[in-house]
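Coordinates in review
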Amino acid sequence: MDTKLNGPVPSKPSRWSFYLFLIGIFIIVLISAIYIDANPFTFFRNSENMFDLIGSMFPPAWSYIATTTPAMLDTIRMALLGTTFGMILSIPIMFLCARNIFRIRWLVEASRIGLNILRTIPDLLLAAIFAAILGFSPIAGIVALSIFSIGIIAKLSFEAIENIDNGPLESMTAVGANKLQWIAFGVVPQILPHFVSYVLYTFEINIRAAAILGLVGAGGIGLYYDRALGFFAYDQVLALILYTLVVVILIDLISLKIREKLL
Amino acid sequence: MNQSDPLKKARRKRRWKFTTLFIILIALYIWAFSGIEFRGIQETAWPVTKNIIHGFISPDLSFIYSPDGEDLIRGLLETLAIAVVGIMLSIIFAIPIGLWAAKNLSSTSLISQSGKGILSFFRTMPDIILALLFIKVVGPGAYAGMLALGIGAIGMLGKLYAEEVEAMDEGPVESIAAVGGNKLQQLAFGVIPQVLPGFISATLYRFEINMRSAATLGLIGAGGIGTPLIFAIQGRSWDRVGIIIIGIVIVVLIVDLISSALRKRIV
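Residues numbered from 1 in each chain as written. Chains lettered and ligands numbered in written order. Predicted model: local features only at pLDDT ≥ 70, side-chain atom pairs only at ≥ 80, totals over all residues. Heavy atoms only, no water.

Some words on the overall build of chain A
Broken down by element type, chain A carries 11 helices and 0 strands. Helices (α) and strands (β) of chain A occur, in sequence order from the N terminus, as α-α-α-α-α-α-α-α-α-α-α. With the C-alpha coordinates aligned to their principal axes, the bounding extent of chain A is approximately 75 × 65 × 35 Å. For chain A, the proportion of its 263 residues judged to be buried stands at 48%. The contacts in chain A between residues at least 6 apart in sequence include a share of 77% that link residues at least 24 apart. Total accessible area on chain A stands at roughly 14,100 Å², and carbon and sulfur atoms take up 71% of it. (Helix = DSSP H or I, 4+ residues; strand = E, 2+ residues; numbered from the N terminus. Buried < 20%, exposed > 50% of the residue type's maximum accessible area, 1.4 Å probe, protein only. Contact = heavy atoms within 4.5 Å. Areas by Shrake-Rupley, 256 points an atom, 1.4 Å probe, with all protein chains shown as cover.)

So, the interface of chain A and chain B
Facing the 53 residues of chain A at the interface are 53 residues of chain B. Taken together, the two surfaces of chain A and chain B that pack against each other cover about 4,700 Å², and 80% of this comes from carbon and sulfur. The tally of links from chain A across to chain B stands at 0 salt bridges. Here chain A and chain B share 4 residue pairs in polar contact (both at pLDDT 80 or more) between them. Broken down by element, the residue count for the side of chain A that touches chain B peaks at 8 residues, all from helix α4 (residues 63-97) of chain A. By residue class, the composition of the side of chain A that touches chain B is 39 nonpolar, 10 polar and 4 charged. (Buried area = accessible area lost by both parts, 1.4 Å probe. Salt bridge = Lys/Arg side-chain N within 4 Å of Asp/Glu carboxyl O. Polar contact = N/O pair within 3.5 Å; in protein donor to acceptor, adjacent residues only side chain to side chain. Nonpolar A, V, L, I, M, F, W, Y, C, P; charged D, E, K, R; others polar.)

Things to note about the domain arrangement of chain A
Note: interface size is frequently given as the accessible area lost on complex formation between the parts. The domain architecture assigned to chain A consists of domain 1 (11-56) and domain 2 (60-262). Computed over C-alpha atoms only, the centres of domain 1 of chain A and domain 2 of chain A are separated by 34 Å. (Domains from an automatic or database assignment.)

Considering the packing of helix α3 (residues 72-101) of chain B against helix α11 (residues 238-266) of chain B
Residue and element names in this part refer to chain B. Put simply, α3 and α11 touch, their axes get as near as 11 Å, and they point 40° apart. Compared by their axis directions, α3 and α11 come out oblique. Handedness of the crossing formed by α3 with α11: right-handed. Facing α3, whose interface residues are L72, L76 and L80, α11 presents I243, I244, G247, I248, V251 and V255. Counted by class, the contact of α3 with α11 contains 8 nonpolar, 1 polar and no charged residues. (Axes fitted to C-alpha atoms, helices over the stretch in contact; angles between N-to-C directions. Parallel < 35°, antiparallel > 145°, perpendicular 65-115°, else oblique. Left-handed = near helix turned anticlockwise from the far one by under 90°.)

Details of the side chain of R212 of chain B
Of note, R212 of chain B is situated in helix α9 (residues 183-217). Apart from residues lying up to four places away in sequence, R212 of chain B is in contact with R119, T120 and P122 of chain A together with V252 and D256 of chain B.

As for unusual backbone geometry
In this model, F58 of chain A is joined to P59 of chain A through a cis peptide bond whose omega is -10°. Locating P59 of chain A in the fold gives a position in the loop between α3 (47-57) and α4. The phi dihedral of F232 of chain A is positive, around 55°, even though this residue is not glycine. Structurally, the position occupied by F232 of chain A is in the loop between α10 (222-230) and α11 (234-262). Take F232 of chain A: its relative accessible area is 55%, and that puts it in the exposed class. The phi torsion at R236 of chain B lies on the positive side, around 60°, for a residue other than glycine.

Quick notes on helix α5 (residues 105-120) of chain A
If you check α5 of chain A, its first and last C-alpha atoms are 23 Å apart, about what 16 residues at 1.5 Å a residue would give, namely 22 Å. Within the sequence span of α5 of chain A, burial applies to V108, S111, R112, L115 and T120 of chain A. Buried residues along α5 of chain A sit against α4 and α7 (138-162) of chain A together with α9 and α11 of chain B. (Expected span 1.5 Å × (residues − 1).)

A few points about the confidence of the model for chain A
This prediction gives chain A a mean pLDDT of 85; 97% of its residues lie at or above 70. By mean pLDDT, helix α2 (residues 40-45) of chain A is the weakest element of chain A at 79, and α7 of chain A is the strongest at 90. (pLDDT = per-residue confidence, 0-100.)

Let's talk about α4 of chain A
For α4 of chain A, which comprises 35 residues, the first-to-last C-alpha distance of 49 Å matches the rise-based estimate of 51 Å (1.5 Å per residue) to within 8%. The largest bend in α4 of chain A is about 50°, located at T69 of chain A, with the proline P70 of chain A one to four residues further on. (Bend = angle between axes of the 7 residues up to and from the residue.)

Let's talk about the pattern of salt bridges
Residue and element names in this part refer to chain A. In the structure shown here, the tally under the stated rule is 11 salt bridges over all chains. Put simply, D74 and R77 hold a salt bridge, and the shortest N to O gap is 3.2 Å. Here D74 and its partner R77 are both found in helix α4, 3 residues apart, which amounts to about one turn of the helix. Residue R77 is classed as buried on the basis of its relative accessible area of 10%. Each member of the salt-bridge network shares a partner with another, and the members are R99, R105 and E109.

As for the nonpolar core
Core analysis: the biggest nonpolar cluster contains 136 residues, and F134, L229 and I248 of chain B have the highest contact counts within it. Sorting elements by how many residues they give to this core places α3 of chain B first, with 13 residues. Domain assignment of the residues forming this core places at least three in each of domain 1 (11-56) and domain 2 (60-262) of chain A. Excluding anything up to four places from it in sequence, L229 of chain B contacts L125 of chain A together with L219, V241, I244, I245 and I248 of chain B. Formed by 20 residues, the second largest nonpolar core is a distinct cluster that contains F95, L115, I161 and W182 of chain A. (Core = buried A, V, L, I, M, F, W, Y, C linked by side-chain atoms within 4.5 Å.)

As structure tokens, this is what we get:
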């Protein structure tokens with residue numbers, strides 16, 4: 001037959017490695033599930049607990065919203081101030097981490113490693129530590145959120161800095177600008193919209209984070225979550241969840257509108 | 001003059017905009033600062049800070065491994081296990097919901113919109129609150145933490161999946177439809193092969209977040225390394241806090257490195 005002109009048909013690539021990969025993942029998940037005693041039957045056996053719980057949430061204790069409004073405002077303040085301080089602190093760090101600003105290699109790499117280490121520490125953990133240092137107050141939450149914000153803002157911003165257009169920088173160097181002028185007129189105008197957008201994005205994250213920081217004693221609405229859960233007052237818990245939800249969505253919407261205008 | 005008039009107008013308008021924005025910001029900050037009552041830093045702040053720093057410099061190495069009972073390695077393994085099983089649970093739910101929410105797969109926008117609604121509902125639930133609820137169902141421990149992470153991640157993962165599907169090339173699906181493939185075949189041979197790398201990348205990204213969340217779930221009693229950590233913080237044994245945080249940082253860094261290397265290879 002003429003179809004054999006081009007020699008034998010190439011055999012299908014082996015799918016063994018793919019299957020092995022799937023089996024490997026399955027085994028890892030299975031071992032992990034056994035390790036943490038994640039027996040699906042426990043869940044279904046106790047699922048009536050869940051329905052009881054959901055039942056006791058209704059109707060939500062709407063009056064609790066008025067009681068907790070000062071704490072909710074505290075939460076927003078914490079997020080706002082935390083984001084602001086984080087923003088200020090992240091400005092020098094993001095320039096240090098960008099490869100195209102400072103040509104001192106070891107300094108850039110060291111800052112990046114430092115930033116990566118900072119980013120691994122979860123917000124709630126920072127809050128727990130600062131609550132121990134500064135006492136149970138919103139101040140602890142603000143400090144924790146500031147440090148947490150540095151990780152996000154600096155990381156996103158230095159990547160934006162590395163992606164800027166080199167043209168203006170080269171022309172400025174050509175006419176003899178010094179480093180500070182170079183940054184102020186060559187780099188900043190290019191990254192400013194991105195930077196503001198990242199700050200707003202961080203603010204959105206921080207509102208969510210600030211709402212739960214109170215669970216470890218760092219002020220804000222989380223204190224009331226702790227209290228309501230401690231008293232098994234699930235109708236209050238639901239009221240809090242819905243309240244937080246509305247605030248988060250509102251702030252997200254405002255922030256999204258501003259960000260759309262910026263970029 | 002006539003030429004520069006609109007320019008001037010635009011400039012004036014811009015200046016107005018900036019002034020209003022500036023005033024709003026100032027008002028916002030006055031409101032924020034006046035609301036925070038600053039009672040001075042408590043006297044214990046400095047000694048505690050010193051103790052914490054000391055704890056990090058000389059961490060409690062005996063906590064790394066002890067043959068019986070709680071230790072760092074077991075706690076970290078449990079955290080890893082919570083994140084792994086949690087991500088599996090999210091994948092199982094997020095794939096169908098993500099496909100459901102993708103605009104280009106549904107015939108009417110009503111279908112995809114309802115899917116998107118479900119996803120944003122899941123996205124607004126904080127992991128920690130979910131954990132508190134699941135603790136009531138299955139009792140305190142890693143299982144509750146795993147369920148919280150698993151359910152909590154559906155929203156984000158489903159959204160990322162849906163975006164991936166919406167960005168795909170319609171060509172292969174159309175050609176399969178043209179040669180008579182049914183909906184299921186279109187999905188299996190037209191959609192899935194295209195979006196698989198994106199799905200894996202999104203999943204790995206979420207896994208990195210899961211690792212961090214899993215480390216904090218223990219702070220409220222949902223298992224993992226956070227449980228011994230909160231006890232150590234409450235008991236002011238800072239050398240133990242030091243070793244636990246060092247452990248968390250190392251494990252999260254390793255997971256991030258592996259995950260980002262994998263993501264670079266895939267995409």
